[in-house]
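Structure assessment
What follows is each chain in one-letter form.
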Amino acid sequence: TASAASRSGIVTLEVDLSAQDADKEAKLWVPYPVTSRYQKVSDIKVTGDFASSGVYTDAVNGTAILYAQWPANSRSRKLGFSFAVERQEIRQKNMSAKEPNWNRADYAEYLQPTSLGPIDGEVKKLADSITKDNNTVLAKARAIYDWCCSNMYRDPGTVGCGKGDVCALLQKPVGKCTDISSVFVALCRAAGVPAREIFSVRLGKKPEEDITTYQHCWAEFFLPGSGWVTADPADVRKAMLVEKLELNDPKAKEYREYFWGGIDPYRVVLAIGRDIVLNPPQAGAPLNTFGYPYAEVGGKVIDFYQPKNFVYRYSFKEK
């Protein structure tokens with residue numbers, strides 16, 4: 001097999017909340033990438049005029065969070081966060097179809113519904129029909145992946161990465177990466193396959209690039225005997241859209257095989273999971289996803305899709 005590719009560089013995030021109501025306290029939570037099997041994070045720098053900051057972890061998913069706070073009457077509220085990352089391509093091929101005994105209770109949290117991802121009713125019905133001839137975790141996950149690649153569509157007009165509202169998506173199967181990944185995860189869970197969403201920001205392919213809007217979500221399912229396996233049906237549909245490929249095009253099939261157990265190295269994992277209660281806890285509702293910086297001023301949520309009020313920029317520089 002060809003050796004896996006890698007991508008290295010410096011990611012910098014700059015946040016400026018100075019335009020917000022100055023007489024109220026401001027709080028900011030930012031995904032804080034950490035080293036794991038496929039990424040090495042080093043040379044972390046945090047700068048700014050905050051009164052206090054710290055790195056915390058969310059209790060359920062173990063996602064690391066950079067938190068900063070500015071007291072009321074702060075005229076300037078700026079934070080800079082940079083880190084070096086070396087990311088490896090993932091190629092999990094030749095997965096064993098032989099399934100060892102495993103205990104579902106060990107993976108209970110990855111078999112639960114989420115607020116926008118139910119696993120009963122229509123979702124369960126569809127999952128059962130997709131997987132009816134399959135008995136193993138691997139066969140079920142593959143059948144669901146193939147169904148998502150064949151039946152979901154990418155809509156570039158969707159805001160951000162999409163909300164991942166599974167019931168709405170079964171009615172109208174179009175959206176972006178969080179939408180397509182969420183349907184995969186909900187169907188997997190409904191079929192008894194542990195699965196979860198992974199939130200990332202893509203690393204630029206140019207020597208220097210603005211990556212502020214490069215957030216990307218994919219999925220993983222748990223394969224007994226192998227561990228967590230990557231599946232990115234959203235990137236299959238994105239490639240098909242960009243290159244105008246039909247389902248039966250050999251190139252579309254190539255992408256489908258590649259993103260089953262494989263992903264390119266142009267991404268760094270930021271967070272895992274849905275319905276996130278941050279640490280320290282936010283005043284607002286649990287976060288649907290934590291792929292973006294999140295801020296509250298005077299206990300009110302600032303919309304991170306509105307760059308005029310919530311000014312932030314991610315950039316990438318290769319090294």
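Above this text is the structure in question.
Now for a look at the structure at hand. None of the values given here were measured: they were computed from a predicted structure.

1. Considering the pattern of salt bridges
- In this structure the tally under the stated criterion is 18 salt bridges.
- As a salt-bridge pair, Asp146 and Arg142 come within 3.1 Å of each other at their nearest N and O atoms. A residue pair is termed a helical-turn pair when its members lie 3 or 4 positions apart in one helix, as Asp146 and Arg142 do in helix α2 (residues 137-151) at four residues.
- Using a relative accessible area of 22% as the deciding quantity, one classes Asp146 as partly exposed.
- A salt bridge links Glu257 to Arg142; the nearest nitrogen and oxygen atoms lie 2.8 Å apart. Of the two residues, Glu257 sits in helix α6 (residues 250-258) while Arg142 sits in helix α2, which places them 115 residues apart along the sequence.
- A relative accessible area of 17% places Arg142 in the buried class.

2. Regarding helix α1 (residues 121-130)
- Every buried residue of α1 is accounted for by Val123, Leu126, Ala127 and Ile130. An end-on view of α1 places all buried positions within 100 degrees of arc, on one side of the element.
- Looking at the buried side of α1, the elements it contacts are α2, α3 (166-171) and α4 (177-190).

3. Quick look at the pairing of strand β15 (residues 268-272)
- Burial analysis of β15 places five of its five residues in the buried class, which makes it a mostly covered element.
- Strand direction decides the pairing type here: strand β10 (residues 195-201) and β15, joined by four bridges, are antiparallel. Note that in β15 the partner of Val201 across the bridge is Val268.

4. A few points about the packing of aromatic side chains
- Per the counting criterion, the structure on display carries 17 aromatic pairs.
- On the basis of an interplanar angle of 50 degrees and a centroid distance of 6.3 Å, the ring pair of Trp102 and Phe222 is categorised as tilted. With a gap of 120 residues between them, Trp102 in the loop between β7 (90-91) and α1 and Phe222 in strand β12 (residues 215-223) connect regions that are remote in the sequence.
- An aromatic cluster is defined as three or more aromatic residues linked by ring pairs; in this entry it consists of Trp102, Tyr107, Tyr110, Phe222 and Trp228.
- Here the basic side chain of Arg196 rests over the ring of Tyr110, its NZ or CZ set 5.5 Å away from the ring centre.

5. Topic: unusual backbone geometry
- For the peptide bond that leads from Asn279 to Pro280, omega is -5 degrees, which places it in the cis range.
- Relative to the assigned elements, Pro280 resides in the loop between β15 and β16 (294-297).
- Residue Asp43 is not a glycine yet carries a positive backbone phi of 50 degrees.
- Structurally, the position occupied by Asp43 is in strand β3 (residues 39-48).
- Residues other than glycine seldom take positive phi values, yet Asn73 does so here, at roughly 70 degrees.
- Assignment of secondary structure puts Asn73 in the loop between β5 (64-70) and β6 (78-88).
- Residue classification places Asn73 among the exposed positions, given a relative accessible area of 52%.

6. Topic: the layout of surface pockets
- Approximately 740 Å³ is the volume found for the largest pocket.
- Forming the boundary of the largest pocket are 29 residues, of which Arg202, Thr213, Tyr214, Gln215 and Lys238 lie nearest the centre.
- Breaking the lining of the largest pocket down by element, the ones donating at least two residues are β12 and α5 (233-242).
- Top contributing element to the lining of the largest pocket by residue count: α5, with four residues.
- Its boundaries defined by the atoms lining it, the second largest pocket holds a volume of some 460 Å³.
- For the second largest pocket, the lining is made up of 24 residues, of which Ser36, Arg196, Glu220, Val269 and Ile272 are closest to its centre.
- Counting only elements with at least two residues in the lining of the second largest pocket, the list comes to β10, β12, β13 (227-231) and β15.
- Among the elements that line the lining of the second largest pocket, the one with the most residues is β15, at four residues.
- Residue classes in the lining of the second largest pocket are distributed as 13 nonpolar, seven polar and four charged.

Thresholds applied
Residues numbered from 1 in each chain as written. Predicted model: local features only at pLDDT ≥ 70, side-chain atom pairs only at ≥ 80, totals over all residues. Heavy atoms only, no water. Salt bridge = Lys/Arg side-chain N within 4 Å of Asp/Glu carboxyl O. Helix = DSSP H or I, 4+ residues; strand = E, 2+ residues; numbered from the N terminus. Buried < 20%, exposed > 50% of the residue type's maximum accessible area, 1.4 Å probe, protein only. Arc of directions from axis to C-beta. Contact = heavy atoms within 4.5 Å. Pairing = 2+ DSSP bridges. Phe/Tyr/Trp six-rings, centres within 6.5 Å; stacked < 30°, edge-to-face > 60°. Lys NZ or Arg CZ within 6 Å of the ring centre and 35° of its normal. 1 Å grid on protein atoms, 1.4 Å probe; cavity = no way out; pocket = protein on both sides within 12 Å on 5 of 7 lines; lining within 4 Å. Points joined across faces, edges and corners; volume = space filled by probe spheres on them. Nonpolar A, V, L, I, M, F, W, Y, C, P; charged D, E, K, R; others polar.

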